[in-house]
Amino acid sequence: MGSVKEVTDASFNADVLESDKPVLVDFWAEWCGPCRQVAPVLEQIAQEHGDKITIVKMNIDKEPKTSQVYGVMQIPTMNVYKGGEVVKQIMGAKPKAAMLKELKDFI
């Protein structure tokens, strides 16, 4: 099921805030090593649990507006949105088991 797609400042409302299921937004940048480490973990979780949670990426260099609105100061930052609100924030790259534990309430 599903893989991680890229969202933009323009598509954020429709793709994230108006989603009928929880959405994890991975705020990242190409120059960020830990962001590259966590990407395949998020891809696996998206494939295994895509029916329960949507996982998307937002490049903060290309799409700076949304990350500023949500006060993203360091990356990777992963916010889980549910009903248009941030319900969880995960900071830094984590192994898959730790990510699954962080997301247990949503998957």
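Before reading on, note that the structure itself is shown above.
Since the structure is predicted, the reported quantities are computational estimates derived from the model, not experimental observations.

**Observations concerning the state of the cysteines**
- Enumeration according to the criterion identifies one disulfide in this entry.
- Disulfide partner of Cys 32: Cys 35, at an S-S distance of 2.3 Å. Its S-S torsion of about 80° marks the bond between Cys 32 and Cys 35 as right-handed, since a negative value means left-handed.

**Section: the nonpolar core**
- Of all hydrophobic cores here, the largest spans 16 residues; its most connected members are Val 16, Val 25, Phe 27 and Ile 75.
- Where this core is concerned, the elements lending two or more residues are α1 (12-17), β2 (23-28) and β3 (54-59).
- Non-local contacts of Ile 75, meaning those with residues more than four positions away in its chain, are made with Phe 27, Trp 28, Ala 29, Trp 31, Cys 32, Cys 35 and Ile 60.
- By size, the runner-up hydrophobic cluster in this structure holds 15 residues, among which are Val 38, Leu 42, Met 78 and Leu 103.

**Thoughts on the environment of Pro 22**
- Topologically, Pro 22 is positioned in the loop between α1 and β2.
- On the basis of relative accessibility, which here comes to 9%, the residue Pro 22 falls in the buried class.
- For Pro 22 and Lys 94, which are 72 residues apart along the polypeptide, the C-alpha to C-alpha distance reads 20 Å.
- Ignoring sequence-local partners within four residues, the contact set of Pro 22 consists of Lys 52, Ile 53, Thr 54, Val 80, Tyr 81, Lys 82 and Phe 106.

**Some details on the sheet that holds strand β5 (residues 85-91)**
- Spatially, β1-β3-β2-β4-β5 is the arrangement adopted by the five strands of the open sheet, whose pairing is mixed. Looking at which strands have only one partner, the edges of the open sheet turn out to be β1 (5-6) and β5.
- In this fold helix α2 (residues 33-49) packs onto β2, β3 and β4 (77-82), with an angle of close to 160° to the strand it touches most, β2.

**Topic: the packing of aromatic side chains**
- The final tally for this structure, using the stated rule, is three aromatic pairs.
- Aromatic side chains Phe 12 and Tyr 81 sit 5.4 Å apart centroid to centroid with 85° between the ring planes, which places their arrangement in the edge-to-face category. Of this pair, Phe 12 sits in helix α1 while Tyr 81 is found in strand β4, placing the two residues 69 residues apart along the sequence.
- Through pairs of rings, three or more aromatic residues link up here, namely Phe 12, Tyr 70 and Tyr 81.
- Looking at Lys 57, its charged tip hangs above the ring of Trp 28, at a distance of 4.3 Å from the centre.

How each quantity is defined
- Residues numbered from 1 in each chain as written.
- Predicted model: local features only at pLDDT ≥ 70, side-chain atom pairs only at ≥ 80, totals over all residues.
- Heavy atoms only, no water.
- Disulfide = S-S within 2.5 Å.
- Core = buried A, V, L, I, M, F, W, Y, C linked by side-chain atoms within 4.5 Å.
- Buried < 20%, exposed > 50% of the residue type's maximum accessible area, 1.4 Å probe, protein only.
- Helix = DSSP H or I, 4+ residues; strand = E, 2+ residues; numbered from the N terminus.
- Contact = heavy atoms within 4.5 Å.
- Pairing = 2+ DSSP bridges.
- Axes fitted to C-alpha atoms, helices over the stretch in contact; angles between N-to-C directions.
- Phe/Tyr/Trp six-rings, centres within 6.5 Å; stacked < 30°, edge-to-face > 60°.
- Lys NZ or Arg CZ within 6 Å of the ring centre and 35° of its normal.

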